[in-house]
Amino acid sequence: MDQLLKNQYEQAKVLYAKLGTDTDAVLEKLKRVKISLHCWQGDDVHGFLKNEALSGGISVTGNYPGAAHTPEQLRQDLEKALSLIPGTHKVNLHAIYADSTEKVEVDELQPEHFLKWVEWAKERGLGLDFNPTCFSHPNFRDGFTISHPDPKIRQFWIKHCKTARKIGEYFGKELGEVCITNFWFPDGSKEKPVDSMAPRKRMKEALDEIFSEKIDPQYNLDAVESKLFGIGSESYVVGSHEFCLGYALSHDKLVCLDAGHFHPTEKISQKISSVALFDTKILLHVSRPVRWDSDHVVIMDDELQAIAHELVRNNLLDKTFIGLDYFDASINRIAAWVIGARNILKALLLAMLEPTEKLKEAEAEFDFTTRLAMLEELKSYPFGSVWDYYCAKMDIPVRETWLVDVKQYESEILMKRYPTRKS
Ligand code: RNT
Ligand code: ZN
């Protein structure tokens, strides 16, 4: 390893030790954190099943060249991204990413359609997470899926969601690591309905049916993701926060908190300790809203740091599953993964280096002066030296050198792909 990197780490280690933080132990802890990399960043939430336009109130902008058009390309891109992120992680698949030569409807999907993904994950020691895809399909009708008034439409989605859990179970069994299957529904409407309860009642009943089969929690855990609004569901979302929180708490499900799914000044970091107190497991969709649920690449902003601090300070890393959720087609898509994943890891490292006990002591004594002074001084501690050393130790490019790899991959691989997908 580069001597300068080592020296800088040794110096940082002394400084942090004075605060009572053991940097070597922190790095061991960081190594155990897994981030679930969302496959849909690689192809703008397109998938491989059909050529349906993206729907469900979410949207991708940009036309940067090189999107993956086949499962092989997507896996190759994910491998590239993973090679630039320290640690062993997971990949999060959506149902529309099935790898199958036969044209299959979403409600006909079976575990076997994901065999190649499982083989790939096994070879690389990766875990897999899963999501039913309840959008980009003609049966997402009148703004509703499992809460549609027509029982035929509901049944279509219920069947799809039931199979999604079986696919999750299959991932968990095959890979020896629990799969989190996350349920998000775009259901809602542009204007406020007169009857806001009926769709929620139908959604509740549909969820009960979806979850009726017991699945060993060692293999699959279910999460429900709420939302405040989307395009076309500006005034009313069936699966609101209160709905999903209530459902999760009463049905022993995970609560999925997406950073972009609340009012602009409402932060998920503030919700974590409350939800955790009720013994609820949490799935995070780490994202970055800009004015709306825009799914920008995650940057090292205040909210990301606040999320990481909440997890670390409250010892919640074992109860929390961390996934990324954003889609940016205006920059190199692999870089988008790498930037977001490195940032959440950096934010967690920063939190782990904090002398939390000392800060809690000051707080307990109402010494808010010390608390504020320390929190501010900590910001200029040499955390970057610890991060650089960690990357080098994990055999991952240090600082922005990863960009060289991405640029080379872009010119050698991405630029040679068909500009648009062959359907
Ligand atoms: C949409 C939700 C959901 C999706 C993915 C593709 O607002 O955040 O998690 O982003 O399922
Ligand atoms: Zn999400």
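The structure this text deals with has already been given above.
Residues numbered from 1 in each chain as written. Chains lettered and ligands numbered in written order. Predicted model: local features only at pLDDT ≥ 70, side-chain atom pairs only at ≥ 80, totals over all residues. Heavy atoms only, no water.

Undergrad: Just checking my understanding: could you explain the coordination of the zinc ion (ligand 2) for this structure?
TA: Ideal geometry at a metal centre gives angles of 109.5 degrees when four donors are arranged tetrahedrally and 90 or 180 degrees when six donors are arranged octahedrally. At this site the zinc ion (ligand 2) is bound by Glu 225 (OE), Asp 258 (OD), His 285 (ND1) and Asp 325 (OD), with donor distances of 2.1 Å. Classification of the site at the zinc ion (ligand 2) as octahedral follows from its six donor atoms and the range of 72 to 172° in their angles at the metal. Mapping the donors of the zinc ion (ligand 2) onto the primary sequence yields the spacing E-x32-D-x26-H-x39-D. Taken as a pair, Glu 225 in strand 6 (residues 220–225) and His 285 in strand 9 (residues 282–286) lie far apart in primary sequence, 60 residues in all. Owing to a relative accessible area of 5%, Glu 225 belongs among the buried residues under this scheme. A relative accessible area of 2% places His 285 in the buried class. (Donors = N, O, S within 2.8 Å, 3.2 Å for Na, K, Ca; no water. Tetrahedral: all angles 85-135°; square planar, octahedral: opposite > 155°, others 65-115°. Helix = DSSP H or I, 4+ residues; strand = E, 2+ residues; numbered from the N terminus. Buried < 20%, exposed > 50% of the residue type's maximum accessible area, 1.4 Å probe, protein only.)

Undergrad: Even after reading the chapter, I still don't get a nonpolar patch on the surface, so can you show me in this structure?
TA: Together, Leu 249, Leu 277 and Phe 278 line one region of the surface with nonpolar side chains, adding up to about 360 Å² of accessible area. Inspection of the secondary structure puts Leu 277 in helix 8 (residues 272–277). With relative accessibility at 69%, the residue Leu 277 sits in the exposed group. (Patch = residues over 30% accessible without salt bridge, like charges linked within 9 Å, V, L, I, M, F, W, Y side chains within 5 Å. Areas by Shrake-Rupley, 256 points an atom, 1.4 Å probe, with all protein chains shown as cover. Salt bridge = Lys/Arg side-chain N within 4 Å of Asp/Glu carboxyl O.)

Undergrad: Which parts of the structure should I look at to understand the pairing of strand 3 (residues 127–131)?
TA: Within a regular strand, side chains alternate between the sheet's two faces. The element strand 3 is extensively covered by neighbouring structure, given that five of its five residues are classed as buried. Where burial is concerned, the two faces of strand 3 agree: the one with Gly 127, Asp 129 and Asn 131 and the one with Leu 128 and Phe 130 are both buried. Of the pairings in the sheet, the one linking strand 2 (residues 90–94) to strand 3 comprises five bridges and is parallel in character. The partner of Leu 93 across the bridge, within strand 3, is Phe 130. Read as a crossover between parallel neighbours, the route from strand 2 over helix 4 (residues 115–124) to strand 3 is right-handed. (Pairing = 2+ DSSP bridges. Right-handed = clockwise from strand over helix to strand, strands pointing away.)

Undergrad: Is there a simple way to think about the state of the cysteines in this case?
TA: Put plainly, two cysteines are in a disulfide when a covalent bond ties their sulfur atoms together. Taken as a whole and assessed by the stated rule, the structure comprises zero disulfides. Among the cysteines around Cys 134, which has no disulfide bond, Cys 161 carries the closest sulfur, lying 3.9 Å off. Given the relative accessible area of 0%, Cys 134 is considered buried. Sulfur of Cys 256: no disulfide; nearest cysteine sulfur belongs to Cys 244 and is 8.8 Å away. Here Cys 256 falls in the buried class, since its relative accessible area comes to 1%. (Disulfide = S-S within 2.5 Å.)

Undergrad: In this structure, what is going on with the packing of helix 10 (residues 333–353) against helix 14 (residues 402–412)? I would like to understand it.
TA: When two helices pack together, their arrangement is given by the angle between the helix axes and by the axis-to-axis distance. Helix 14 packs onto helix 10 with a crossing angle of 160° between their chain directions and a minimal axis gap of 10 Å. Considering the angle they form, helix 10 stands roughly antiparallel to helix 14. Here the hand of the crossing between helix 10 and helix 14 comes out right-handed. Residue-level inspection shows Ile 334, Ala 335, Val 338, Ile 339 and Arg 342 of helix 10 in contact with helix 14, the latter providing Trp 402, Val 406 and Tyr 409. Looking at the contact of helix 10 with helix 14 residue by residue, the class counts come to seven nonpolar, no polar and one charged. (Axes fitted to C-alpha atoms, helices over the stretch in contact; angles between N-to-C directions. Parallel < 35°, antiparallel > 145°, perpendicular 65-115°, else oblique. Left-handed = near helix turned anticlockwise from the far one by under 90°. Contact = heavy atoms within 4.5 Å. Nonpolar A, V, L, I, M, F, W, Y, C, P; charged D, E, K, R; others polar.)

Undergrad: Help me understand the environment of Lys 18 in this model?
TA: One can find Lys 18 in helix 1 (residues 3–18). Sequence spacing of Lys 18 and Asn 220 is 202 residues, and the spatial spacing of their C-alpha atoms is 43 Å.

Undergrad: Explanation requested: the site of ligand 1 in the structure shown.
TA: Around ligand 1, a shell composed of Trp 40, Ile 58, His 94, Trp 184, Glu 225, Lys 227, Asp 258, His 261, His 285, Asp 293, Asp 325 and Phe 327 is seen. Within the side chain of His 94, an N or O atom sits 2.7 Å from an oxygen atom of ligand 1. At 3.2 Å from an oxygen atom of ligand 1 is found a side-chain nitrogen or oxygen belonging to His 285. Protein contact buries 100% of the 310 Å² of open area that ligand 1 shows by itself. (Near = heavy atom within 4 Å. Polar contact = N/O pair within 3.5 Å; in protein donor to acceptor, adjacent residues only side chain to side chain.)

Undergrad: How should I be thinking about the pattern of salt bridges in this particular structure?
TA: Two side chains with opposite charge may pair up if their charged atoms get near one another. A full pass over the atoms with the stated rule returns 29 salt bridges. Lys 122 serves as the salt-bridge partner of Glu 174, at 2.6 Å between the closest nitrogen and oxygen. Placement of Glu 174 in helix 5 (residues 151–175) and of Lys 122 in helix 4 is noted, with a sequence separation of 52 residues between them. On the basis of relative accessible area, Glu 174 is assigned to the partly exposed category, the value being 35%. A salt bridge links Asp 222 to Lys 253; its shortest N-O distance comes to 2.8 Å. Taken together, the positions of Asp 222 in strand 6 and Lys 253 in the loop between helix 7 (241–251) and strand 8 (254–258) put the pair 31 residues apart, joining distant regions of the chain. A relative accessible area of 13% places Lys 253 in the buried class.

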